[in-house]
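# Coordinates in review
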Amino acid sequence: MWVGFTSAKHLPDELDRSDDWIDTQIIGIAGSSGSGKTSVAAQLVKRLNLPWVVVLSMDSFYKELNPAQSKLAFENNYDFDAPTAIDFDILVDRLQDIKAGKKAEIPVYSFEKHQRERDKTTTIYSCHVLILEGIFALYDPRVLELLDMKIFVDTDSDICLARRLARDVKSRGRDVRGALQQWHRFVKPNFELYVRPQMKNADIAIPRGIDNITAIGVWLQCLRSTIVTSNANGGTRRVDMVVKHIQRALRTKSEAHLKKIAELGERVLEKPLTDNVTVLEQTPQLRGIHTILQDRMTNREDFIFYFDRLSSLLVEKAMDRMTFTTQQVLTPLDRPYMGLRCASAICGVVILRSGGVFEIGLKRVVPDCKIGRLLLQSNIRTGEPELHHLKVPPNIGKHQVLLLDPQIASGAAALMAVRVLKDHGVEEGNIVFLTYMATKVGLGRLNAVFPELKIVAASVEEEWAGRWIDEKYFGC
Amino acid sequence: MSTTAPDTVVEGCAAAPIGPSYREKDEKPQATVSGKIKFDTVHVLPQTPQLIALLTIIRDKNTQRGDFIFYSNRIIRLLVEEGLNHLPVKEHEVTTPLGRTYAGVRFEGKICGVSIMRAGESMEQGLRDCCRSVRIGKILIQRDEDTSQPKLFYHKLPNDIADRWVLLLDPMNATGGSASMAVEVLKGKGVAEERILFLNLIASPEGLEHFASKFPKLRVITAFIDEGLDDKNYIVPGLGDFGDRHFGTLND
């Protein structure tokens, strides 16, 4: 039942987006209840072998039930298997955010209460691949628009029933009679009416899904063995094709993005940096510290001492870029003094791992500073930065943020870090990027892409030599 | 108080919009900035918003002692860093961890700190933050209650002080009396005037003028030149008694 990549042609169009490195690939997996969608998703995650693949279940998007509906639901008489049970509006809204690289809050649905959990959401941010899995993943035309790949898991309905029964009875504590009743009243008719027709929307149909032997009771073994042997290989092959296709799409996207960054670099080299970029004045003392830090013979003890000293100075300099307001005080002699105070709280955000070298300096200046962290790592194949971890204060948008990374190379990682902060509600003008050494190109790119961003650097390099500061500081 | 301001004051301390150059003038908050004085040897730290905010905290009479110590120490570090910039360096080439040649400089000359007791001792931490194992000498000068003139009680200095650059520490320079006496002690030990750097948080225009004209080769690094002195020779608006606030010896 091979349909082919009929709509794959729209992938390259996405490359026109200005920030295409966060253009998430979204894969939809639809299929009957019990068809093995979750197994296919798990198989995909495993084969893709990427750390930033997220599986999103459409179960999170069930509509909230009113008391009458709720009563029906508790009596097993509510139709959860019709498209009307799904809140497609919210789903589309969240998918659009994810696609655009923004933070998306996913509702948490309670099956016990048939309501969404109040004040409880799961955050999805900046995954490169999102797998949307649900019986109606290929149903709503607006969702179809957003999908980069559409998969239909086509499984014989007897197997679906068997799996569903096994699951309902075993892990959801239902009785066999109720589960069967549910199947005949809702699941089966809906499958014919709404689920199966989605196959025409699919790029690829995976017959039978992946083997999921353990969930099925012993009484099914006979039946299973015949079908599995005939179809399992076909299914696995299809999954491989999907994986290859996604990997290719990601690679094309990376190449285009890196090319764009390179072009941006050529353009910015001709433009002078604006006032928002501060490079420390190269005083004799500062040059002396640079010399000690740059000397390969300097031992780690000295290196750490001088680096901490310099980083305190850098942070002091960065604090000058914060916003202040007038503040009148009385001195102990009861004389007024019209001074200033910082307009809002400061939050440091460390770009791991190397940004950690600034933490001592930061604490010397702002001892109670809140500190967020984000882990960016360069993809070994493409060299492109990828967001692997993010933990920042929830109200970070109300802070003035010091973004910390001792070295700026191409600027790609820095661009991404600033973008991440902006996506979390921090105003561009409230971010100060702090660095020890930056390349001219990297500074220029940051300055050109984010004109409101403030940058404070201790030195400027003509060309990139490599990352080494964190290695010497941490000793590994 | 500006009635007694000496002629060398180019500009008294006054309100001004302050902030970085990329901000529009009406976006810059108003604050009182340091006065300016007509001596090449006097270096006032740049009046950045951050420095003013730090001074605001330590001037505030409601600031708790822990904060006073922490924030004054931050200003002191900035003073030390600025002071160290006046020390000589020599061209020095090194090889970087990545195997490149880096044309840098090496620090030249030995240094030591000398604190004027007791308030000057509160600046030692800031000095050590920047220069780990620096030698620190002490000079105890107190005001004679009868004559109200400063009097030397005690000093303990490195033996080779004549070969060293001296960072002289005293946070408040009111009349310049104690600092002048300390400089005389140092000169008596053979320290050249041009090798002394006086680090100071807040100075009165009078005291600074007195001191700077008496020692024309000595460099002064200060964070703020204040309005003037009151009738008890306290700097106004000032921050009260620095030593008392730092060491916690005030009446509660």
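The rules behind these values
- Residues numbered from 1 in each chain as written.
- Chains lettered and ligands numbered in written order.
- Predicted model: local features only at pLDDT ≥ 70, side-chain atom pairs only at ≥ 80, totals over all residues.
- Heavy atoms only, no water.
- UniProt positions renumbered as here; feature names shortened; annotations may be inferred.
- Helix = DSSP H or I, 4+ residues; strand = E, 2+ residues; numbered from the N terminus.
- Buried < 20%, exposed > 50% of the residue type's maximum accessible area, 1.4 Å probe, protein only.
- Contact = heavy atoms within 4.5 Å.
- Areas by Shrake-Rupley, 256 points an atom, 1.4 Å probe, with all protein chains shown as cover.
- Phe/Tyr/Trp six-rings, centres within 6.5 Å; stacked < 30°, edge-to-face > 60°.
- Lys NZ or Arg CZ within 6 Å of the ring centre and 35° of its normal.
- Salt bridge = Lys/Arg side-chain N within 4 Å of Asp/Glu carboxyl O.
- Buried area = accessible area lost by both parts, 1.4 Å probe.
- Polar contact = N/O pair within 3.5 Å; in protein donor to acceptor, adjacent residues only side chain to side chain.
- Pairing = 2+ DSSP bridges.
- Right-handed = clockwise from strand over helix to strand, strands pointing away.
- Axes fitted to C-alpha atoms, helices over the stretch in contact; angles between N-to-C directions.
- Parallel < 35°, antiparallel > 145°, perpendicular 65-115°, else oblique.
- Left-handed = near helix turned anticlockwise from the far one by under 90°.
- Nonpolar A, V, L, I, M, F, W, Y, C, P; charged D, E, K, R; others polar.
- pLDDT = per-residue confidence, 0-100.
- Core = buried A, V, L, I, M, F, W, Y, C linked by side-chain atoms within 4.5 Å.
- Disulfide = S-S within 2.5 Å.
- Patch = residues over 30% accessible without salt bridge, like charges linked within 9 Å, V, L, I, M, F, W, Y side chains within 5 Å.

- Per an unreviewed UniProt entry, chain B is named uracil phosphoribosyltransferase, and its organism is Drechslerella dactyloides.
- What UniProt states about chain B under its Sequence similarities (unreviewed entry) heading is, verbatim, "Belongs to the UPRTase family."
- Under the UniProt heading Pathway (unreviewed entry), the note attached to chain B is "Pyrimidine metabolism; UMP biosynthesis via salvage pathway; UMP from uracil: step 1/1."

- As recorded in an unreviewed UniProt entry, chain A goes by Uridine kinase and comes from Drechslerella dactyloides.
- Word for word, the UniProt comment on chain A under Sequence similarities (unreviewed entry) is "Belongs to the uridine kinase family."

## A word on the overall build of chain A
- Helix and strand counts for chain A come out as 13 helices and 17 strands.
- The 476 residues of chain A split such that 56% are buried.
- In chain A, once contacts between residues fewer than 6 apart in sequence are set aside, the share between residues at least 24 apart is 74%.

## Here we look at the overall build of chain B
- Secondary structure summary: chain B contains 6 helices and 16 strands in total.
- For chain B, the proportion of its 252 residues judged to be buried stands at 54%.
- Here the analysis covers contacts within chain B between residues at least 6 apart in sequence; of these, 63% occur between residues at least 24 apart.
- Of the roughly 11,300 Å² of accessible surface on chain B, 46% is carried by carbon and sulfur atoms.

## Things to note about the packing of aromatic side chains
- Summed over the entire model, instances satisfying the criterion amount to 19 aromatic pairs over all chains.
- Measuring from ring centre to ring centre gives 4.9 Å for Phe70(B) and Tyr71(B), while their planes differ by 90°; the resulting arrangement is edge-to-face.
- An aromatic cluster of three or more residues is present, and its members are Phe303(A), Phe307(A), Phe358(A), Tyr436(A), Trp468(A), Tyr473(A) and Phe474(A).
- Over the face of the ring belonging to Tyr337(A) we find Arg59(B), whose NZ or CZ atom lies 4.1 Å from the ring centre.
- A cation over an aromatic ring shows up here: Lys151(B) above the ring of Phe153(B), its NZ or CZ 5.3 Å from the ring centre.

## Re the pattern of salt bridges
Residues and elements named next belong to chain B.
- Evaluation of the coordinates by the stated rule reveals 30 salt bridges over all chains.
- For Asp-244, the salt bridge is made with Arg-118, and the minimal N-O distance between the two is 2.7 Å. In this pair, Asp-244 is assigned in helix α6 (residues 242–247) and Arg-118 in the loop between β8 (110–117) and α3 (124–130), connecting sequence segments 126 residues apart.
- Taking relative accessible area as the criterion, Arg-118 reaches 31% and is therefore assigned partly exposed.
- Residue Glu-193 pairs with Lys-187 through a salt bridge whose shortest N-O separation is 2.8 Å.

## Some details on the interface of chain A and chain B
- Counting from both sides, the interface comprises 55 residues of chain A and, opposite them, 60 residues of chain B.
- Between chain A and chain B the total buried area reaches about 5,000 Å² when both faces are included, carbon and sulfur atoms providing 58% of it.
- Summed over the three residues of chain A that lose the most area to chain B, namely Gln285(A), Tyr337(A) and Leu340(A), the buried surface amounts to 14% of that side.
- Scanning the region where chain A abuts chain B turns up 5 salt bridges.
- Across the salt bridge formed by Arg309(A) and Glu81(B), the nearest N and O atoms sit 2.8 Å from each other.
- In this structure, the connection of chain A to chain B is made through 21 residue pairs in polar contact (both at pLDDT 80 or more).

## Description of the pairing of strand β17 (residues 454–461) of chain A
All names here are of chain A.
- Most of β17 is tucked away: 7 of the 8 residues are buried.
- Examined bridge by bridge, strand β8 (residues 277–279) and β17 share 3 bridges and lie parallel to one another. Bridge assignment links Thr-278 to a residue of β17, and that residue is Val-456.
- In terms of strand pairing, strand β16 (residues 431–439) meets β17 through 7 bridges, oriented parallel. Looking across to β17, one finds that Leu-434 is bridged to Val-456.
- Following the backbone out of β16, through helix α12 (residues 440–449) and into the adjacent parallel β17, one traces a crossover that is right-handed.

## Some details on the packing of helix α11 (residues 412–423) of chain A against α12(A)
Residues and elements named next belong to chain A.
- Look at α11 against α12: their axes get within 9 Å of each other, and the N-to-C directions meet at 30°. Relative to α12, the element α11 lies roughly parallel. Note on packing geometry: the crossing formed by α11 with α12 is right-handed. Contacts between α11 and α12 involve Ala-414, Leu-415 and Val-418 on the former and, on the latter, Arg-445, Leu-446 and Val-449.
- Its residues assigned to classes, the contact of α11 with α12 comprises 5 nonpolar, no polar and 1 charged.

## Focus: the side chain of Asp470(A)
All names here are of chain A.
- With respect to the helices, strands and loops of the structure, Asp-470 is situated in helix α13 (residues 469–474).
- Overall, Asp-470 belongs to the buried group, its relative accessible area being 9%.
- The residues contacting Asp-470, other than those within four sequence positions of it, are Arg-353, Ser-354, Val-357, Gly-475 and Cys-476.

## Comments concerning the confidence of the model for chain A
Residue and element names in this part refer to chain A.
- The pLDDT averaged across chain A works out to 81; a share of 86% of its residues lies at or above 70.
- Ranking the elements of chain A by mean pLDDT puts helix α7 (residues 221–268) last, at 64, and strand β14 (residues 400–404) first, at 96.
- Across residues 1–18, confidence stays below pLDDT 50; counting only partners more than four residues off in sequence or on other chains, it has 42 contacts.
- Contacts from residues 212–232, a stretch scored under 50 in pLDDT, to residues over four places away or in other chains number 16 contacts.

## Some words on the nonpolar core
- One finds Phe307(A), Leu402(A), Tyr436(A) and Leu201(B) to be the most contacted residues of the largest nonpolar core, which totals 80 residues.
- Here this core gets 9 residues from one element, more than from any other, and that element is helix α9 (residues 300–319) of chain A.
- Among the nonpolar cores identified, the runner-up in size contains 39 residues, and Ile26(A), Ala137(A), Val195(A) and Ala202(A) belong to it.

## Thoughts on the state of the cysteines
- Tallying each qualifying case throughout the model produces 0 disulfides over all chains.
- Distance from the sulfur of Cys130(B), which forms no disulfide, to the nearest cysteine sulfur (Cys131(B)) is 5.9 Å.

## A closer look at a nonpolar patch on the surface
Residue and element names in this part refer to chain A.
- On the surface, Val-169, Val-176 and Leu-180 cluster together into a nonpolar patch covering about 200 Å² of accessible area.
- As for its placement among the helices and strands, Val-169 is situated in helix α5 (residues 157–171).
- Residue class for Val-169 comes out partly exposed when judged on its relative accessible area of 34%.

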